[in-house]
Amino acid sequence: MDKADIGMIGMEVMGRSLALNIESRGYTVAVFNRTESKTRNFAEGPAKGKNFIPCYELQNFVKSLKSPRKIMLMVKEGAPVDGFIEKLVPLLDRGDLIIDGGNSFFKDTIRRNSELTEKGIFFIGTGVSGGEEGALKGPAIMPGGQPEAYKLVEKIFSDISAKAQDGEPCVTYIGPNGAGHFVKTTHNGIEYGDMQLIGECVWVLKKTGMNAEEIASTMEQWNGGNDILRSYLIEITADSMKEKKKEGEGYLVDVVADITRMKGTGTWTVQSAMELLVPIPTIAAAVFSREMSQDKDLRLQMAKILKTPEGKKLRESKKKLMDIAHDALYIAKISSYAQGFALLQAASKKYGFDLKLGQIAKIWRGGCIIRAQFLDEITKAYEENPELPNLLASPKFSGFVNENLWKLAKFIDIAHRSGVPVLGMASSYDYILQIACPVMVSAQVAAFQRDYFGAHGYFKIGGEGQPEIVKDPEGKIREFHIEWMVDGRPEKEITR
Ligand code: 6PG
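Residues numbered from 1 in each chain as written. Predicted model: local features only at pLDDT ≥ 70, side-chain atom pairs only at ≥ 80, totals over all residues. Heavy atoms only, no water.

1. Observations regarding the overall build of the chain
Rules: Each helix corresponds to a stretch of at least 4 residues labelled H or I by DSSP, and each strand to a stretch of at least 2 residues labelled E; elements are numbered beginning at the N terminus. For the radius of gyration, the atom set is restricted to C-alpha positions; the globular benchmark scales as 2.2 Å times the number of residues to the power 0.38. Think of it in three bands: residues with accessible area under 20% of the maximum for their type are buried, residues over 50% are exposed, and the middle band is partly exposed, with areas taken using a 1.4 Å probe on protein chains only. Contacts: residue pairs with any heavy atoms within 4.5 Å of one another. We treat Lys and Arg as the positive residues and Asp and Glu as the negative residues; His and chain ends play no part in the count. The atom standing in for a charge is NZ when the residue is Lys, CZ when it is Arg, CG when it is Asp and CD when it is Glu.
A count of helices and strands for the chain gives 19 helices and 12 strands. The C-alpha radius of gyration of the chain comes to 26 Å, within 12% of the 23 Å expected for a compact globule of 496 residues. Considering only C-alpha atoms, the chain reaches an extent of 85 × 65 × 45 Å along its principal axes. Here the chain holds 496 residues, and the buried ones make up 50% of them. Counted over contacts in the chain with a minimum sequence separation of 6, partners at least 24 positions apart contribute 67%. When the 64 basic and 64 acidic side-chain charges of the chain are each reduced to a single mean position, those positions are 3 Å apart.

Structure follows, in structure tokens:
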């Protein structure tokens, strides 16, 4: 048999599905797995009669590949990735390419990239989104690494990727180094945010007395036609909520345990945001809510101690509430994406990723978990103005927000009155209030407190109606301190 166009290491569900996808586009794929039986099962099962070269030794696997070799790792992030790289390097030639397609931490990718560059081996860290079905039929792909390395796989990636409604492939060169994995991690953070916001909506709708099926059909409406909420996550929420219990009456969702686990990419998103000083409260709220969900014992215990508002009949009609929930969810989503894109913008600057935000929104339109109608609007917003200071500044979104923000406030109020915690929705709402706030009084107070207890200094603004920071004629911000313990509390200007 001819040599393979690409090699796939890792025969778990994502590796298998991607390998099948690549082969189905006319490529020959060599496959390898640490546990031999997995390769054998694949070879004798779904791969039978197709253009695969199953390999049971790494040396043979490497030998079976066309030069320059392209090897994709679909293994668990962390030590397994390093382990395979270590074993592969002595078997490879300069100019060969290793691709890590797992959900790796971007700083690991940066490290691996520099280690492999020293050895003359190309490295791509790529996000692959879309789960099993996406991997098989067309995922969104977010590759980062050397541009020359990307050239080696551009065609394969383009062939296997999802295609957006306009036929454009959902893959683009993201940027150097860890750019691809950073973007994938942020995608996952946004995914957490979306899931949280949808979950909060379902909870409030449930408080109106709607059952799972009724909520599902509301979500189906929201996913119909050109609805602004139309998205994969809304679609699967609707579809899954209709599922009946396998035994007895009722819906399965009502007996699913209220525990959301996580593998960690959402947490990385929040950690990165912390490091970059970018507020992403909705995504953080989603991570915190998953954490709270996991402490079931504590919640059962505390539920017996604290009295929270509960079970009050909602005053609003179902119809009115559905309209409010729909627009509230959309605004909360805009806010959450604005946070996610702000994070991308900051990371691009700090790590030299040179991210094209419009391109990223564009490839997220299909294949990935957050694929949605709405990403078309984000693409257009960045095409119109790539220098947007924040997504919420785009007239595409600010108009809707200005007109309907009250609905998000109302939604949060209704939720709180009926005892539904809406950490995600409230964070989205408050993010909008904060970002559009010329003077944050809470920050004035805290700045002053810091000066009082720690002589940390404070800046000043012009005064009432003059929110700008006071600067000297050279444009340098002026800094002050009050000697709080001295009689008369004199104010001094600090020069550093
Ligand atoms: C995707 C998903 C995928 C996976 C998440 C689940 O883009 O296809 O995001 O990467 O389903 O890792 O993440 P949690 O376990 O953290 O929810």
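2. Things to note about the domain arrangement of the chain
We apply this condition: Annotation comment: domain bounds sourced from an automatic or database domain assignment.
Structurally, the chain comprises domain 1 (6–177), domain 2 (185–435) and domain 3 (441–494). Here domain 2 and domain 3 have C-alpha centroids that lie 38 Å from each other.

3. Considering unusual backbone geometry
The amide bond that connects Ser67 to the next residue, Pro68, takes the cis arrangement and shows omega of -10°. Of note in the backbone geometry, Ala455 takes a positive phi value of approximately 50° without being a glycine.

4. Quick look at the site of the ligand
Which entries qualify depends on this criterion: Residues are classed as near a molecule or strand on a simple rule: at least one heavy atom within 4 Å of it. What qualifies as a polar contact is a pair of N or O atoms within 3.5 Å, subject to a donor-acceptor requirement within protein and to the restriction that residues adjacent in sequence count only when both atoms come from side chains. A 1.4 Å probe and the Shrake-Rupley method give the accessible areas. Residues count as covered only by the protein chains that appear here.
If you check the shell around the ligand, you find 14 residues, and the closest are Asn103, Ser129, Glu191, Tyr192 and Arg290. Taking Asn188, its side chain carries an N or O atom lying 3.1 Å from an oxygen atom of the ligand. Arg290 has a polar side-chain atom sitting 2.8 Å from an oxygen atom of the ligand. In isolation the ligand exposes 420 Å². Once the protein is present, 82% of that is buried. Considering every element that reaches the shell around the ligand, the biggest residue donor is helix α8 (residues 179–207), with 5 residues.

5. Some details on helix α7 (residues 147–160)
Rules: Here a helix's expected span is defined as the number of its residues, less one, multiplied by 1.5 Å. What is called the bend at a residue is the angle between a pair of axes, fitted to the seven residues leading up to and ending at it and to the seven starting from it.
For α7, spanning 14 residues, the distance from its first C-alpha to its last is 19 Å, which sits close to the expected 20 Å at 1.5 Å a residue. If you look at α7, its biggest bend is around 55°, right at Val153. Among the residues making up α7, those that are buried are Ala149, Tyr150, Val153, Ile156, Phe157 and Ile160.

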